[in-house]
Amino acid sequence: DAGVIQSPRHEVTEMGQEVTLRCKPISGHDYLFWYRQTMMRGLELLIYFNNNVPIDDSGMPEDRFSAKMPNASFSTLKIQPSEPRDSAVYFCASSNPGQGAGNTIYFGEGSWLTVV
Amino acid sequence: DAKTTQPNSMESNEEEPVHLPCNHSTISGTDYIHWYRQLPSQGPEYVIHGLTSNVNNRMASLAIAEDRKSSTLILHRATLRDAAVYYCILRPLYSGAGSYQLTFGKGTKLSVIP
């Protein structure tokens, strides 16, 4: 399996621009998670989906952030407008509790975002 | 949510065993103990998990105290590739709100000395 695939791997954008991060979960996984990692706050859960439906978005920092999952193989995290404090590594992850292993979650390699 | 306490950092010599401790004194009877690690510039990856009994897999061993208030991740022979941040995380056994995601603490940064 190719694992969780994220794009872009690196992005540098100017403040005020729209940023779209993309994720392809592992085939057959019905849970998808978006995490953000910064030096100050560590790894934070932003939102997660089950069967393409958002279940908990309490971690989304503000209205500038939105996430969608139009189908089982694709999700986006959008920031509009972006601000320098959004600079972070954004991880997408997926899991299938039905596969056991205590609900192992598989992470992508991350999208490194810098807003200048 | 039950919380975990880990040392901020540890050092190990290459090819020596490493014991990474985790305290979770408020663990409930239905919480799994999970360990993940994050190598530099990569996403977290699963290492091992357990409920009550000690567990072994190809990556590591997990020793769980009899009262389950602490656990230890054991790397039998540390290699340079094991240098990472190791996270000890509690997850509920049963499904329901909050049971499927991982809540990360600060973890333990393991340095391996050649």
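Just above, that's the structure.
Residues numbered from 1 in each chain as written. Chains lettered and ligands numbered in written order. Predicted model: local features only at pLDDT ≥ 70, side-chain atom pairs only at ≥ 80, totals over all residues. Heavy atoms only, no water.

Remarks on the overall build of chain B
Right, so step 1: Each helix and strand counted, chain B has zero helices and nine strands in total.
Right, so step 2: Sequence-ordered secondary structure for chain B, helices as α and strands as β, is β-β-β-β-β-β-β-β-β.
Right, so step 3: Whereas a compact globule of 114 residues would reach a radius of gyration of roughly 13 Å, chain B reaches 14 Å, a difference of no more than 12%.
Right, so step 4: For chain B, the spread of C-alpha atoms along the principal axes amounts to about 45 × 30 × 25 Å. (Helix = DSSP H or I, 4+ residues; strand = E, 2+ residues; numbered from the N terminus. Rg over C-alpha atoms; globule rule 2.2 N^0.38 Å.)

A word on the sheet that holds strand 9 (residues 108-113) of chain B
All names here are of chain B.
Right, so step 1: Taken in spatial order, the five strands line up as 1-9-8-3-4 in an open sheet, and their pairing is mixed. The sheet terminates laterally at strand 1 (9-13) and strand 4 (45-50), the two strands that pair on one side only. Here the average twist between neighbouring strands, direction ignored, is 25 degrees.
Right, so step 2: Where strand 8 (residues 84-92) meets strand 9, three bridges bridge the pair, whose relative direction is antiparallel. The residue of strand 9 that forms the bridge with Val85 is Lys109. (Pairing = 2+ DSSP bridges. Axes fitted to C-alpha atoms, helices over the stretch in contact; angles between N-to-C directions.)

A few points about the interface of chain B and chain A
Right, so step 1: In this complex, chain B contributes 18 residues to the contact, which on the side of chain A involves 20 residues.
Right, so step 2: Of the roughly 1,500 Å² buried at the junction of chain B and chain A (both faces included), carbon and sulfur atoms supply 57%.
Right, so step 3: At the surface where chain B touches chain A, the tally comes to zero salt bridges.
Right, so step 4: In this structure, the connection of chain B to chain A is made through three residue pairs in polar contact (both at pLDDT 80 or more).
Right, so step 5: Elements that contribute at least two residues to the side of chain B that touches chain A include exactly strand 3 (31-38), strand 4 and strand 8 of chain B.
Right, so step 6: Among the elements that line the side of chain B that touches chain A, the one with the most residues is strand 3 of chain B, at four residues.
Right, so step 7: When grouped by side-chain class, the residues that make up the side of chain B that touches chain A number eight nonpolar, nine polar and one charged. (Contact = heavy atoms within 4.5 Å. Buried area = accessible area lost by both parts, 1.4 Å probe. Salt bridge = Lys/Arg side-chain N within 4 Å of Asp/Glu carboxyl O. Polar contact = N/O pair within 3.5 Å; in protein donor to acceptor, adjacent residues only side chain to side chain. Nonpolar A, V, L, I, M, F, W, Y, C, P; charged D, E, K, R; others polar.)

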